[in-house]
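# Summary of structural features
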Amino acid sequence: MFNDIGALELVTLVVLAVLVFGPDKLPKVIQDVSRFIRKVREFSDNAKEDIRSELGPEFKDFDFEDLNPKKFVRKQLSEHEDDLGLKEIRSSFNLKKEINDVADSVHGKGGDTAASDSGTGEAAATSLTKSPSGTSDLLKKPEQPQQADRPPFDADAT
């Protein structure tokens, strides 16, 4: 509940409490607040036990934290991970390698191998222009497309 409160915030709350309630009333206020929190926890525990008893023995291992959608989805995915083949997908997908391949092709270090590995084939390789150093230059436009590469022109569409 208070996991993200730092030392400075805690000191500020204590000083504020002393200023608002005074040093003589502060212990009584702390006792009242702690008693209230204890009663709320007791009430919620009793409500949880009542719900579990009403659900019956089939839901003996029911956990109320499972009602949180994030935890529910994680639990369901971890239980059925083998059925869905998620382990194989995770092991085969290497994000760093993919990013490095893209960065190499952008900087011209990969040459045409990145374009042919991506499955675009010869069309991507021929659309790249060669720089004087022999590597493909992605920033330059191709000189003039071949007649077969031009898209059809429809004068009525404009």
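## Regarding the overall build of the protein
For the protein, the helix and strand inventory stands at 7 helices and 2 strands. Reading the helices (α) and strands (β) of the protein from amino to carboxyl end gives α-α-α-α-α-α-α-β-β. Per-residue burial for the protein yields a buried fraction of 9% across its 158 residues. The long-range fraction of contacts in the protein, counting pairs at least 24 apart against all pairs at least 6 apart in sequence, stands at 14%. For the protein, the computed accessible surface area is about 14100 Å², with 60% contributed by carbon and sulfur atoms.

## Here we look at the confidence of the model for the protein
For the protein, per-residue confidence averages 75 on the pLDDT scale, and residues scoring 70 or more make up 66% of the total. Ignoring residues within four places in sequence, the model shows residues 111-130, a span with pLDDT below 50, making 21 contacts including any to other chains.

## Section: a nonpolar patch on the surface
On the surface, a nonpolar cluster with roughly 590 Å² of combined accessible area is contributed by Val11, Val15, Leu16, Leu19, Val20 and Phe21. By the secondary structure assignment, Val20 is in helix H1 (residues 7-55). A relative accessible area of 58% means that Val20 is categorised as exposed.

Procedures and definitions
- Residues numbered from 1 in each chain as written.
- Predicted model: local features only at pLDDT ≥ 70, side-chain atom pairs only at ≥ 80, totals over all residues.
- Heavy atoms only, no water.
- Helix = DSSP H or I, 4+ residues; strand = E, 2+ residues; numbered from the N terminus.
- Buried < 20%, exposed > 50% of the residue type's maximum accessible area, 1.4 Å probe, protein only.
- Contact = heavy atoms within 4.5 Å.
- Areas by Shrake-Rupley, 256 points an atom, 1.4 Å probe, with all protein chains shown as cover.
- pLDDT = per-residue confidence, 0-100.
- Patch = residues over 30% accessible without salt bridge, like charges linked within 9 Å, V, L, I, M, F, W, Y side chains within 5 Å.
- Salt bridge = Lys/Arg side-chain N within 4 Å of Asp/Glu carboxyl O.

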